[in-house]
Amino acid sequence: MSNQHEQAARFRALHDSGVFVIPNVWDGASAAIMARLGFKAVATSSAACAATLGKLDGEVTREEALAHARAIVGATDLPVAADLEKGFGDAPAAAAETIRLGASVGLVGGSIEDATGDKQKPLYDIGHATERVAAAVESARALPFPFTLTARSENFLRGNPSLDDTIKRLQAFEKAGADVLMAPGLPDLAAVRAVCAAVSKPVNFMVGIKGKSFTVAELTTAGVKRISLATSLYRTAMSGLIDAAREVADKGTFGYVDRGVSSPDLAAFMEG
């Protein structure tokens, strides 16, 4: 617990010390590599987690997500935050329990979003969404260390690209006690600036959408405090896998061997 408390304090301090990038990892190796490359914290990705299990985003159970998080926590001394989707239940109590359980596997941060997972009604109404965030905040505050709770408005990913409604939701989540605010899929830097200006808590921007990903310098100027990478690193890794496998299947050659990282170099990232 003392180590988790120290990680939690370090993670919280990162939000007060300028802008930082938090890469989303998917296994122990990717977490270890990020640590050796100098990143100060890592996060999980619900979609990448699902893919490692041969599932689609949204199909992972809470037990599977927690086991995934536990493995990443065990692979690095960095603070680990998790993409906990909607908290694996519609009721506020489900979100609260997910935060408690996340802390029990070593997480020091996590996110709760307002997406329902129901295509017929993709978003919770703002009142219920805020109640869910408030319950998650209460659970986080009951922990013996400063768990960082991120509240996400999914409007721009779920068919309701309203900046006004997004800001209203984020303001409600801030009032409910969220530590970090996030609105994935913001279309441009003007929208990013508007969100950052509308709230006082740190804003997390999600890189990973073509045409809607901006530089660290641009996001810093816009007011962002944390930059996450979603599934972009995982998709890049899988791009290499697909290209190599296609070369073998289509050409019968193995040129990818010369392009890839060597086993000793890869092993060096895993050394303590």
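Note that this is a predicted model, so its numbers are computed, not measured.

Undergrad: Mind showing me how you'd approach the environment of L107 here?
TA: Along the chain, the position of L107 falls in the loop between α5 (92–104) and β5 (109–113). Separated by 35 residues in sequence, L107 and I72 have C-alpha atoms that sit 9.4 Å apart. Those residues in contact with L107, other than ones at most four positions away along the chain, are Q4, A69, V73, V80, A81, A82, G102, F145 and F147.

Undergrad: What should I look at first to understand the pattern of salt bridges in this one?
TA: Note on pairing: side chains with opposite charge can pair once their charged atoms come close. Here the structure, examined in full by the defined rule, presents 14 salt bridges. The salt bridge involving E113 is made with R158; its shortest N-O contact spans 3.8 Å. Remark: R158 occurs in the loop between β6 (148–152) and α7 (163–175) and E113 occurs in strand β5; sequence separation between them is 45 residues. Among the residues examined, E113 registers a relative accessible area of 8% and is labelled buried. With a relative accessible area of 34%, R158 lands in the partly exposed category. Here R169 ties to D165 by a salt bridge, and the two come within 2.8 Å at their closest N and O atoms.

Undergrad: Help me understand the packing of aromatic side chains in this model?
TA: The description of two aromatic rings rests on the distance between their centres and on the angle between their planes. For the coordinates displayed, the defined rule picks out four aromatic pairs. With a centroid separation of 6.3 Å and an interplanar angle of 80°, the aromatic rings of F11 and F20 are classed as edge-to-face. For F11, a relative accessible area of 1% puts it in the buried group. Between the aromatic rings of F145 and F147, the centroid separation amounts to 6.4 Å while the plane-to-plane angle is 50°, which identifies the pairing as tilted. Both residues of the pair, F145 and F147, belong to the buried class.

Undergrad: What exactly am I supposed to notice about the sheet that holds strand β1 (residues 20–22) here?
TA: Pairing between the strands of a sheet comes from backbone hydrogen bonds, and it takes one of two forms, parallel or antiparallel. A sheet is described by the order of its strands in space; here nine strands give the open sequence β1-β9-β8-β7-β6-β5-β4-β3-β2, paired in parallel fashion. Unpaired on one side and paired on the other, β1 and β2 (24–25) mark the two borders of the sheet. Where β2 meets strand β3 (residues 42–44), two bridges bridge the pair, whose relative direction is parallel. Residue pairing across strands places N24 opposite A43, the latter belonging to β3. Relative to the sheet, helix α6 (residues 126–141) contacts β5 and β6, its axis offset from that of β6 by approximately 170°.

Rules used in this analysis
Residues numbered from 1 in each chain as written. Predicted model: local features only at pLDDT ≥ 70, side-chain atom pairs only at ≥ 80, totals over all residues. Heavy atoms only, no water. Helix = DSSP H or I, 4+ residues; strand = E, 2+ residues; numbered from the N terminus. Contact = heavy atoms within 4.5 Å. Salt bridge = Lys/Arg side-chain N within 4 Å of Asp/Glu carboxyl O. Buried < 20%, exposed > 50% of the residue type's maximum accessible area, 1.4 Å probe, protein only. Phe/Tyr/Trp six-rings, centres within 6.5 Å; stacked < 30°, edge-to-face > 60°. Pairing = 2+ DSSP bridges. Axes fitted to C-alpha atoms, helices over the stretch in contact; angles between N-to-C directions.

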